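So the chains spell out like this:
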Amino acid sequence: MRDASTKAVTILGATGSIGLNTLDVLFRHADRFHLYAITANTQVEKMAEICRTYRPEIAVMADTASAEQLKELLQNEKGISILGGSEALNEVASAESVDIVMAAIVGAVGLMPTLSAARAGKRILLANKEALVMAGHLFMTEVEQHNAELLPIDSEHNAIFQCLESGYQHELTRNGLNNKGPKSKGVTKILLTGSGGPFREYPLDKFDEITPEQAIAHPNWSMGPKISVDSATMMNKGLELIEACWLFNVQHEDVEIVLHKQSIIHSMVAYNDGSVLAQMGNPDMRTPIANALGWPERIASGVEPLDLFKVCQLNFEKADENRFPCLRLARQAIQQGGTSMAILNAANEVAVQAFLQSQITFTRIAELIELTMKHVAHQQTDSLQQILADDQAARKFVNHQLSVMSVEV
Ligand code: NDP
């Protein structure tokens, strides 16, 4: 029997990098939290191991055949219900007994369960940036209408959040776009930092030879394969720019991207009195996870204390959009508005997958996204139906380009 004084947590995407870090933080605080449900897609063995170690009440495999395999693997374990299929993701994200939902599924497929959590008024810890990129206005509106609470997990957005005044933090978590914006609190600029990934200084004429193995070897962060490639193309920073506009109710011109190769400062906020507040720490996702789980209290995360004498230097540079065209494409999508951001995101997801499967070169990722944005018309709406339709249209377009290319090869 669970202690009713502890908060019930669902982790969407428990087998991933964010999911595993969340489990690590949660179980340092068994007096505060208990695990209600965890979800994954196809990694059955990993899920079985997590179930045996952390004993959730419910385990969901989005892939139904994988759910059957998990049932077999856990047939001797009592007290864990196993469910399969995408509807079960929505159920465990919105169940009455859940207090907190960690949204850590990768990609657009995370949108529906995260929306379910918003509609059920949960505290949402948002790692799944793609959900906000593709449906930002709709998502923020649902959070406000259903009295949900939204806390950023992306280390940059969590850092920005921490650098805002505490009263304004409370407004932001509930009020979405319906507040006066950070300028009303003296904020003049948001400085969104990024390491620049593994190819910040790599010779441009060798970009075509970059392999998936090189691209996923991030110099500072250990992350899942999709976000690692996004970091290498800097589409990750582009998606984060869009995410920042929705989360903090700012225009893209109010956000400056700053390359900071050490990944010690996780972002900054500049104020009208000349102050610039920065949040610093070792690059370890357990810090933002603990911050969002415990907010407004601070709770321990297990992260090594920062040793400034070891760090010694902090460097800053401007981001080069010629080297990283994905940054330009993300700004273009924000300027176009409507479903453009869903189209950008969908094209990127398919192109990154193709790159990871060695079907296309590294530079082709941005080219395919640009081509898709030219050919798939966007609509000025935040209707969920249209967002999903344009997401599908973009995927179809890129897949068609890929099939044409494979015939040409
Ligand atoms: P991973 O690839 O490590 O994990 C992804 C998770 O999503 C896995 O649990 C996976 O299940 C699940 N999943 C994948 N496809 C589906 C599907 N079709 N249906 C249901 N579940 C699915 O990703 P990360 O943990 O790196 O990233 C997760 C999200 O967090 C991304 O949106 C990323 O941008 C964001 N993020 C990540 C950071 C990091 O440090 N990793 C930092 C900031 C943000 P299975 O294992 O069974 O495939």
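These numbers come from a predicted model, not from an experiment.

Caption draft 1: Representation of the site of the ligand. With respect to spatial proximity, 25 residues lie near the ligand, and among them Thr15, Asn41, Thr42, Gln43 and Glu130 are the closest. Here an oxygen atom of the ligand and a backbone polar atom of asparagine 41 are 2.8 Å apart. The contact in question runs from an oxygen atom of the ligand to an N or O atom on the backbone of valine 106, over 3.4 Å. Compared with its free state, where it exposes 890 Å², the ligand has 88% of that area covered by protein. If you list the elements that add at least two residues to the shell around the ligand, you get helix 1 (17–26), helix 6 (129–145) and helix 10 (225–233). Classifying every residue of the shell around the ligand by side-chain character gives 13 nonpolar, 9 polar and 3 charged.

Caption draft 2: Expanded view of the pairing of strand 5 (residues 100–103). Residues Ile100 and Met102 line one face of strand 5 and the alternating positions Val101 and Ala103 line the opposite face, and both faces are buried. Here strand 1 (residues 7–12) runs beside strand 5; their pairing, made up of 4 bridges, is parallel. Bridging across to strand 5, leucine 12 finds its partner in alanine 103. Pairing geometry for strand 5 and strand 6 (residues 123–126), over 4 bridges, is parallel. Its bridge partner being in strand 6, methionine 102 is matched across the sheet by leucine 125.

Caption draft 3: Molecular detail of the packing of aromatic side chains. Counted under the stated rule, the structure contains 8 aromatic pairs. Aromatic pair tyrosine 202 and phenylalanine 207: ring centres 6.2 Å apart, planes at 45 degrees, arrangement tilted. By the ring-pair criterion, three or more aromatic residues cluster together here, those being Phe199, Tyr202, Phe207, Phe355 and Phe362.

Caption draft 4: Representation of unusual backbone geometry within the structure. Residue proline 296 follows tryptophan 295 across a cis peptide bond; omega there is 10 degrees. The residue arginine 55 is not glycine, and still its phi comes out positive at about 50 degrees. Not every positive phi belongs to a glycine, and asparagine 147 is a case in point at roughly 55 degrees. Mapped onto the elements of the fold, asparagine 147 is located in the loop between helix 6 and strand 7 (149–152).

Caption draft 5: Focus on the pattern of salt bridges. Counted according to the given criterion, the structure contains 26 salt bridges. Across the salt bridge formed by aspartate 24 and arginine 286, the nearest N and O atoms sit 3.2 Å from each other. In this pair, aspartate 24 is assigned in helix 1 and arginine 286 in helix 12 (residues 286–294), connecting sequence segments 262 residues apart. Here the residues in one salt-bridge network are Lys129, Asp154, Glu156, Lys237 and Glu240, joined through shared partners.

Caption draft 6: Examining the pairing of strand 6 more closely. The alternating pattern of strand 6 places Arg123 and Leu125 and Ile124 and Leu126 on opposite faces, both of which are buried. Handedness of the crossover is the feature at issue here: the chain leaves strand 5, passes through helix 5 (residues 111–119), returns alongside strand 6, and the resulting connection is right-handed. Bridge analysis of strand 6 against strand 7 gives 4 bridges, and the strand direction is parallel. Its bridge partner being in strand 7, arginine 123 is matched across the sheet by glutamate 149.

So, how was this worked out
Residues numbered from 1 in each chain as written. Predicted model: local features only at pLDDT ≥ 70, side-chain atom pairs only at ≥ 80, totals over all residues. Heavy atoms only, no water. Near = heavy atom within 4 Å. Polar contact = N/O pair within 3.5 Å; in protein donor to acceptor, adjacent residues only side chain to side chain. Areas by Shrake-Rupley, 256 points an atom, 1.4 Å probe, with all protein chains shown as cover. Helix = DSSP H or I, 4+ residues; strand = E, 2+ residues; numbered from the N terminus. Nonpolar A, V, L, I, M, F, W, Y, C, P; charged D, E, K, R; others polar. Buried < 20%, exposed > 50% of the residue type's maximum accessible area, 1.4 Å probe, protein only. Pairing = 2+ DSSP bridges. Phe/Tyr/Trp six-rings, centres within 6.5 Å; stacked < 30°, edge-to-face > 60°. Salt bridge = Lys/Arg side-chain N within 4 Å of Asp/Glu carboxyl O. Right-handed = clockwise from strand over helix to strand, strands pointing away.

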